[in-house]
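Tertiary structure, described
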Amino acid sequence: MANKAIVYTIYPNKEQAVLCQKTFGCCRFVYNQMLTVQQELYKNGEKHLSKLSANNYCTQHLKKEYPFLTEVDKFALSNAAFHLADSYDRFFKKQSGFPKYKNKHRAKKTYTTNFTNGNIAVCDNYIKLPKLGNVKAKIHRVPKSDWKLKSATITQNRDDSYQVSILFEYEAKELYAPVTSMSTLGLDYKSDGLYVDSEGNDCDMPHYYRLSQSKLAKSQRKLKHKTIGSNNYHKQQKKIAKVHRHIANQRKDFLHKKSTEIANQYTCVCVENLNMRSMANKGFGNGKATLDNGYGMFVNFLEYKLKDRGGYLIKVDKWFPSSQLCHWCGYRSENLKDLRIRKWDCPHCGHEGIDRDWNAAINIKVEGLRILEAS
C-alpha cells in the first residue's frame, strides 16, 4: 500500500474560521501540556508516556481539567499528543533535537483529523470536515475511485489563506519501464537557470524572487513605519506574507510542470546528490540564486513522479568529477575546479569549446547508467 495527498484551497466562513482558530489553539495547548507532563516524569525518574498513554492522559485528565477542549475535534487533540510522542521518538533516535514548546505567534497553525464514519468527504465544490461541516473549496483534482481516505490536515497560511491536505491510501502497482541510453537524461545543476541536461537544453527557470523583489521591498518599507503590534502593522505583515506565498507558488508551479514534463518523456534521470544547504551559505557566494531555484524540491518531485511511472532517479555522488572529465576521451583537467571557466579545450582529443555544464550533464548520465547496471 502507498499514500498520496491532494492539497485543496478552502474558504471557510466566519464561524468555521473561528472554530479553526480554536482548534489550532487547543492543539497547541495540548502539545505544550503533554510536553510539561513528559518533562515532569523525566525529573521524577519515570518513563515517558507512549502514544497510547499520552492520548489516554489527554482524554481522562486534560479534558476534565480544561472543559474548553471538548469544543473542538477530538481527533485533532489526539494527533497533537501523537506528534509530541513522535518528536520524543525522533529525539531518542538522534534524528532531531529535543521537543520545544509551541509559541502562539510563531508556531504553524495546523491540525490533523482522522477519517471515520464518513466524517470527511471531497464533493463537487466543497469538502466535508469534522466539526466544520461543509467548507467551500476549489476542487481542482478528483481522487480515484479505489483510493481510501485516511486523514485531513487543515492549515492556515501566513497570509490568512486556508488549505486542507487530504491523505489517501491506495494499492501501489509495481511498474517497470525499460531503461535505455535514449530514454535516460542527465541533469547538471546550474544556479542561473536550475539545470542543463545531457541533450544540451537549458531549463532557463525564471528568478521569481528577484522579479518580485522590488514589490517585496516596498511592502517591507511600509511595515517599517507602522507601530509594532498595531492593527495596521499586522495588516501589512499579511500583505508581505501574501507576496512571499505568491513567489513560492510560482516556483512550485514551474517545478511541478518541468518535473512532470521530464517524467513523461524519460524513464531514467541521473542527477548529482548535492548538499543544497551547504551551497546556499554565504561563503559560496550565490545563496539567493540557489534558494530561489528550489533544486532540492525539484529533485523530490522528479523522484516520486518517476517512481509512479516505473522509472528511476539515479543520484551520482557529489564528489564525482563530472565537470573535470571530457566525455569524449575521459581526460581529466584539474584546472576546471575554477568555476569561472565556462568553456574549455581538451588537450587530449582536440575537441574545442566544450561547454562546462553540458559536458558535466553527459558525464552524470554515463555514471548514472553505470550505477544502475551495477545495482
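Structure first, text after, so check above.
Definitions and cut-offs
Residues numbered from 1 in each chain as written. Predicted model: local features only at pLDDT ≥ 70, side-chain atom pairs only at ≥ 80, totals over all residues. Heavy atoms only, no water. Helix = DSSP H or I, 4+ residues; strand = E, 2+ residues; numbered from the N terminus. Buried < 20%, exposed > 50% of the residue type's maximum accessible area, 1.4 Å probe, protein only. Axes fitted to C-alpha atoms, helices over the stretch in contact; angles between N-to-C directions. Parallel < 35°, antiparallel > 145°, perpendicular 65-115°, else oblique. Contact = heavy atoms within 4.5 Å. Nonpolar A, V, L, I, M, F, W, Y, C, P; charged D, E, K, R; others polar. 1 Å grid on protein atoms, 1.4 Å probe; cavity = no way out; pocket = protein on both sides within 12 Å on 5 of 7 lines; lining within 4 Å. Points joined across faces, edges and corners; volume = space filled by probe spheres on them. Pairing = 2+ DSSP bridges. Left-handed = near helix turned anticlockwise from the far one by under 90°. Core = buried A, V, L, I, M, F, W, Y, C linked by side-chain atoms within 4.5 Å. Salt bridge = Lys/Arg side-chain N within 4 Å of Asp/Glu carboxyl O. Phe/Tyr/Trp six-rings, centres within 6.5 Å; stacked < 30°, edge-to-face > 60°.

This brings us to unusual backbone geometry. A negative phi angle is the norm for most residues apart from glycine, just as the trans form is the norm for most peptide bonds. Positive phi outside glycine occurs at Asn117, with the angle close to 55°. With respect to the secondary-structure elements, Asn117 resides in the loop between β2 (109-114) and β3 (121-122). On the accessibility criterion, Asn117 (79% relative accessible area) is exposed. Of note, Asp160 is a non-glycine position whose phi angle comes to about 70°, a positive value. Turning to its location among the elements, Asp160 is positioned in the loop between β6 (148-156) and β7 (162-170).

Another aspect to go through is the packing of helix α1 (residues 14-43) against helix α2 (residues 51-65). A pair of packed helices is characterised by two quantities: the angle between their axes and the separation of those axes. For the pair α1 and α2, interaxial distance at closest approach is 11 Å and the crossing angle is 105°. The pairing of α1 with α2 is recorded here as roughly perpendicular in orientation. When α1 is examined against α2, the residues Val30, Gln33, Met34 and Val37 are found in contact with a partner set consisting of Ala54, Tyr57, Cys58 and Leu62. Taken together, the residues of the contact of α1 with α2 break down into 7 nonpolar, 1 polar and no charged.

Here the largest pocket is characterised by a volume of approximately 1,100 Å³. Residue lining of the largest pocket: 28 residues in total, with Val7, His140, Asn249, Lys252 and His256 positioned closest to the centre. Of all the elements in the fold, those that place two or more residues in the lining of the largest pocket are β1 (2-11), β7, α6 (231-265) and α9 (295-308). Take the lining of the largest pocket: its biggest share by element is 10 residues, from α6.

As a further point, take the side chain of Thr155. Relative to the assigned elements, Thr155 resides in strand β6. Those residues within four positions of Thr155 in sequence are excluded, and the remaining contacts are Phe24, Lys108, Lys109, Thr110, Ser161, Tyr162 and Gln163.

Taking strand neighbours across the sheet as the criterion, the 7 strands line up as β2-β6-β7-β1-β5-β4-β3 in an open arrangement whose pairing is antiparallel. A single partner strand is all that each edge strand has here, and the edge strands are β2 and β3. Relative to strand β5 (residues 133-138), β1 runs antiparallel, the two being bridged by 3 bridges. By the bridge assignment, Thr9 is partnered in β5 with Lys138.

Let us look at the packing of α6 against α9. Closest axis-to-axis distance for the α6/α9 pair is 9 Å, and the angle between their directions is 40°. Here α6 is positioned oblique relative to α9, judged by the angle of their axes. α6 and α9 meet at a crossing whose hand is right-handed. Together, Lys252, Leu255, His256, Lys258, Ser259, Thr260, Ile262 and Ala263 of α6 and Met297, Phe298, Phe301, Leu302, Tyr304, Lys305 and Leu306 of α9 make up the contact between the two elements. Tallied by class, residues from the contact of α6 with α9 come to 9 nonpolar, 3 polar and 3 charged.

What follows covers the pairing of β5. As judged from the 4 bridges shared by strand β4 (residues 126-129) and β5, these two strands associate in the antiparallel manner. Its bridge partner being in β5, Tyr126 is matched across the sheet by Lys136. Where β4 folds back on β5, the antiparallel hairpin that results is connected by 3 residues, among which Lys131 adopts a positive phi of roughly 70°.

Here we take up the nonpolar core. Judged by nonpolar contacts, the single largest core of 44 residues is most densely connected at Leu129, Val164 and Ile166. Within the residue set of this core, elements represented by two or more residues are β1, α1, α2, α3 (74-92), β4, β5, β6 and β7. The element that contributes the greatest number of residues to this core is α1, accounting for 12 residues. Judged by nonpolar contacts, the second largest core, of 30 residues, contains Leu187, Tyr195, Ile240 and Leu302.

The next subject is the pattern of salt bridges. With the rule as written, the count across this model stands at 11 salt bridges. Across the salt bridge formed by Lys22 and Glu71, the nearest N and O atoms sit 3.5 Å from each other. Of this pair, Lys22 sits in helix α1 while Glu71 is found in the loop between α2 and α3, placing the two residues 49 residues apart along the sequence. The class for Lys22 is partly exposed, based on a relative accessible area of 42%. With relative accessibility at 41%, the residue Glu71 sits in the partly exposed group. Here Glu261 makes a salt bridge to Lys258, at a shortest N to O gap of 3.7 Å. Pair noted here: Glu261 and Lys258 are both in helix α6, with a separation of 3 residues, about one helical turn.

Looking now at the packing of aromatic side chains. The full count for this structure, using the stated rule, is 15 aromatic pairs. Between Phe29 and Phe68, the ring centres sit 5.5 Å apart and the planes meet at 65°, which makes this aromatic pair edge-to-face. Here the residue Phe29 occupies a position in helix α1, and Phe68 occupies one in the loop between α2 and α3, the gap between them amounting to 39 residues. Take Phe29: its relative accessible area is 22%, and that puts it in the partly exposed class. A relative accessible area of 36% means that Phe68 is categorised as partly exposed. Measuring from ring centre to ring centre gives 5.7 Å for Trp147 and Phe168, while their planes differ by 50°; the resulting arrangement is tilted. Within this pair, whereas Trp147 is found in the loop between β5 and β6, its partner Phe168 is found in strand β7, the two being separated by 21 residues in sequence.

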